[in-house]
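Residue-level listing of the chains:
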Amino acid sequence: MKKRIVKAMAVGAAAVMMFGMAACGSSKGTSGAGAAADTSAAKESGDSTAGDFETVEDGKLHMATNAVFAPYEMVADDGSFEGIDVEIADAIADKLGLELVVDDMDFSAVLTAVQNGKADMAMAGMTVSEERKQNVDFTDSYSTGVQVIIVPEGSDIQTVDDLANDKMIGCQEGTTGYNYCSADVEEGGYGADHVIAYTNGAMAVQALIGGKVDCVVIDNEPAKSFVANNEGLKILDTEFTVEDYAIGIAKDNTALLDAVNGALKELIEDGTVQTIVDKYINAE
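Residues numbered from 1 in each chain as written. Predicted model: local features only at pLDDT ≥ 70, side-chain atom pairs only at ≥ 80, totals over all residues. Heavy atoms only, no water.

1. Here's the deal with the packing of aromatic side chains
This model, assessed by the stated rule, comprises three aromatic pairs. Where Tyr180 meets Phe240, the ring centres are 6.4 Å apart and the plane angle is 40°; that geometry is what we call tilted. Remark: Phe240 occurs in the loop between strand S15 (233-235) and strand S16 (241-245) and Tyr180 occurs in helix H6 (residues 176-182); sequence separation between them is 60 residues. A network of ring pairs unites the aromatic residues Phe69, Tyr72 and Tyr245 as a single cluster. (Phe/Tyr/Trp six-rings, centres within 6.5 Å; stacked < 30°, edge-to-face > 60°. Helix = DSSP H or I, 4+ residues; strand = E, 2+ residues; numbered from the N terminus.)

Here is the structure:
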């Protein structure tokens, strides 16, 4: 497998939108039969034929992510990136004869980076939703996410229904958890007045510990990590909702979508994706 390139980019949504106005270079790539010389390794390994596709930088596949979402993406001790999404993206890049570049930014900027041509794909434990599908196209799902509720031990919140009792809910901004909770009551939510958005899940959990919110709604796997590292917290047994994770690609880049989807399909069928998931998530 090709050596992974990692590049940390602390980019906010506004910055991504500003830089997106500037022209960015693109390159065409191929995989499989008839590939250019720089993808000969992919050909020799028998990888899928995806045809021509464009990337924002020659020979590289830029992945926009928010690397504070263990175990899907996080910063390793040596400053590189690791996690389920990072390893799957690396395997996809390898199949396409490219080198992976991980661009770390605020979660709220991830989709904007793809829309504005600063990154090739959004992969950040990204849930497929109708709202997001208006801005990007999604690949097939590669993993399932479960939204859960974190509460202090001894909390009077016992089930999802208890959130309707004038509770303050903490969420990470831009996530589906926030969207669900902040929706109007008529739409199944609790109203924006009952939800506080934080830059990341860790800040939401710290607000919970500090008594600023009554609970936190967040994906199950990072929730497990937060509870394990913060005494006095627990996850309710009841699930908030179940979602599908997929990779977001710019709407005008159908060729890249097809290429990534083709590589992903092969990685799912040959068991690579499940092996990566099992490496980070132990079945209970």
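2. Overview of the pairing of strand S4 (residues 60-65)
Burial of S4 is extensive: six of the six residues sit out of reach of the surface. Neither face of S4 is left uncovered, since the one carrying Lys60, His62 and Ala64 and the one carrying Leu61, Met63 and Thr65 both have all their residues buried. Summarising the sheet, S4 and strand S8 (residues 99-105) pair through six bridges and their orientation is parallel. Within S8, the residue paired with Ala64 across the bridge is Asp103. Across two bridges, S4 lies against strand S9 (residues 121-122) in parallel orientation. (Buried < 20%, exposed > 50% of the residue type's maximum accessible area, 1.4 Å probe, protein only. Pairing = 2+ DSSP bridges.)

3. A word on the environment of Ala93
Take Ala93: it is sitting in helix H3 (residues 84-95). C-alpha of Ala93 to C-alpha of His62: the two residues are 31 residues apart in sequence and 9.3 Å apart in space. Apart from residues no more than four positions distant in its own chain, Ala93 is found in contact with Leu61, Leu98, Glu99 and Leu100. (Contact = heavy atoms within 4.5 Å.)

4. Some details on helix H4 (residues 107-115)
H4 sits mainly inside the fold: seven of its nine residues count as buried. Residues Phe107, Ala109, Val110, Leu111, Thr112, Ala113 and Val114 constitute the buried set of H4. Gly117, located one to two residues past H4, shows a positive phi value of around 75°.

5. So, the sheet that holds strand S5 (residues 68-69)
Within the open sheet, the three strands sit side by side as S5-S6-S7. Their pairing is antiparallel. The sheet is open, and its two edges are formed by S5 and strand S7 (81-82), each paired on a single side. Here S5 runs beside strand S6 (residues 73-75); their pairing, made up of two bridges, is antiparallel. Its bridge partner being in S6, Val68 is matched across the sheet by Met74.

6. Notes on the confidence of the model for the protein chain
For the protein chain, the mean per-residue pLDDT works out to 83, and 81% of the residues sit at or above 70. Within the model, pLDDT remains below 50 along residues 8-28, and this stretch shows 42 contacts once partners closer than five positions in the same chain are excluded. (pLDDT = per-residue confidence, 0-100.)

7. Here we look at empty space enclosed by the protein
The probe, sized like a water molecule, is rolled over the atoms to show the empty space still left. Applying the stated criterion across every chain yields a total of two cavities of 30 Å³ or more. By volume, the largest cavity amounts to about 90 Å³. Lining the largest cavity, in full, are Asn66, Phe69, Phe107, Ala124, Gly125, Thr127, Arg132, Gln147, Gln172, Thr175, Thr176 and Asp219. For the lining of the largest cavity, the residue count by class is three nonpolar, seven polar and two charged. (1 Å grid on protein atoms, 1.4 Å probe; cavity = no way out; pocket = protein on both sides within 12 Å on 5 of 7 lines; lining within 4 Å. Points joined across faces, edges and corners; volume = space filled by probe spheres on them. Nonpolar A, V, L, I, M, F, W, Y, C, P; charged D, E, K, R; others polar.)

8. Examining the packing of H3 against helix H9 (residues 254-269)
Put simply, H3 and H9 touch, their axes get as near as 9 Å, and they point 115° apart. Taken together, the axis directions place H3 and H9 in an arrangement best described as roughly perpendicular. Judged by the twist between their axes, the crossing of H3 over H9 is right-handed. In this structure, H3 contributes Ile88, Ala91, Ile92 and Lys95 to the contact, and H9 contributes Val260, Ala263, Leu264, Glu266 and Leu267. (Axes fitted to C-alpha atoms, helices over the stretch in contact; angles between N-to-C directions. Parallel < 35°, antiparallel > 145°, perpendicular 65-115°, else oblique. Left-handed = near helix turned anticlockwise from the far one by under 90°.)

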